[in-house]
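Report on the structure
Each chain is listed here by its residues.
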Amino acid sequence: MKLQPSVSRGALLAALALLSVSILAASEGAHGAAAEAGSAVPTTAAAGDDAEAIIFERQQIMQQLAKDSETLGGIVAGSQPRDQLAKVTRALADGAKDSLGSFRDKVPGGRSKPEVWSNNADFMKRMEDFARNSEAMAKAGESGNMAGVTALMIDALPCKQCHDLYREPKKPT
Ligand code: HEC
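Residues numbered from 1 in each chain as written. Predicted model: local features only at pLDDT ≥ 70, side-chain atom pairs only at ≥ 80, totals over all residues.

1. Structural notes on the overall build of the protein chain
- The number of helices and strands found in the protein chain is 8 helices and 0 strands.
- The linear arrangement of helices and strands in the protein chain, starting from the amino end, is α-α-α-α-α-α-α-α.
- At a minimum sequence separation of 6, the contacts of the protein chain that also span at least 24 residues come to 73%. (Helix = DSSP H or I, 4+ residues; strand = E, 2+ residues; numbered from the N terminus. Contact = placed C-beta atoms within 7 Å.)

Laid out in structure tokens, this is it:
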């Protein structure tokens, strides 16, 4: 990987952390959101098909976030064209907002741990921080401010911190 001389060590580490998040995410690719949705516990707020659709949608949003994170990691590391910076940071901010919205429907299931619902105030606060901080990062990205993006990136993308607490490990297939 050829590095841009302007990339600081901290930014590089952040980029690598992001890349590893996305690689992990990519390796889960084909596990099938529909199959996951099928494992929804019976006490769902929305009935059958609706619940599955909501779980499927939030998983699709998360998968797009993983792709966009990977692209951003590549840009920061210098392996992807820098002219994608505005577009990808905007996509991440929009994805974070959509993600927040999709969890307003309280539908247990998928790989969401029961704690998402039993500790919902903390979970939603994390989602709101994610949406707000990624919006700030998108503003920096849209003004072509690479240093700003790398400085904001850790707070803007708290993917792992949330998953460690609120996402079930992938089931063996
Ligand atoms: C505030 C919590 C939170 C944040 C922040 C968050 N996620 Fe998630 N993520 C979840 C939860 C909960 C699930 C499980 C969803 C389900 O299956 O019901 C999940 C699932 C996923 C999945 C698996 C989707 C599938 O098809 O099963 C991927 C990939 C993912 N997240 C990527 C990301 C990335 C990349 C970011 C950061 C840019 C991110 N997430 C930020 C909570 C979060």
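Now that the structure has been shown, we can carry on.
2. Details of helix α3 (residues 48–77)
- Compared with an ideal rise of 1.5 Å per residue, which puts 30 residues at 44 Å, α3 spans 44 Å between its outermost C-alpha atoms and is within 8% of the ideal.
- Trailing α3 by a residue or two, glycine 78 shows a phi angle of about 90°, which is positive. (Expected span 1.5 Å × (residues − 1).)

3. Considerations on the packing of helix α4 (residues 85–102) against helix α6 (residues 120–142)
- Taken N-terminus to C-terminus, the directions of α4 and α6 make an angle of 165°; their axes are 8 Å apart at the nearest point. It follows that α4 is roughly antiparallel to α6 by the angle criterion. Handedness of the α4/α6 crossing: left-handed. Note on element contacts: α6 touches α4 through Met127, Glu128, Phe130, Ala131, Ser134, Glu135, Met137, Ala138, Gly141 and Glu142, opposite Leu85, Ala86, Thr89, Arg90, Leu92, Ala93, Ala96, Lys97, Ser99 and Leu100. (Axes fitted to C-alpha atoms, helices over the stretch in contact; angles between N-to-C directions. Parallel < 35°, antiparallel > 145°, perpendicular 65-115°, else oblique. Left-handed = near helix turned anticlockwise from the far one by under 90°.)

4. Some thoughts on the confidence of the model for the protein chain
- Taken residue by residue, the protein chain gives an average pLDDT of 84. The fraction at 70 or more is 73%.
- Long-range and interchain partners of residues 26–44, a stretch whose pLDDT sits below 50, account for 31 contacts in this model, where long-range means more than four residues apart. (pLDDT = per-residue confidence, 0-100.)

5. Points about the nonpolar core
- Core analysis: the largest hydrophobic core is formed by 26 residues, its most contacted members being Val88, Leu92, Met137, Val149, Leu152 and Met153.
- Elements that contribute at least two residues to this core include exactly α3, α4, α6 and α7 (146–156).
- Broken down by element, this core gets its largest block of residues, 8 residues, from α3.
- For leucine 152, the residues in contact, after removing those within four places along its chain, are Asn133, Ala136, Met137 and Ala140. (Core = buried A, V, L, I, M, F, W, Y, C linked by C-beta atoms within 7 Å. Buried ≥ 20, exposed ≤ 12 C-beta atoms within 10 Å, placed from the backbone.)

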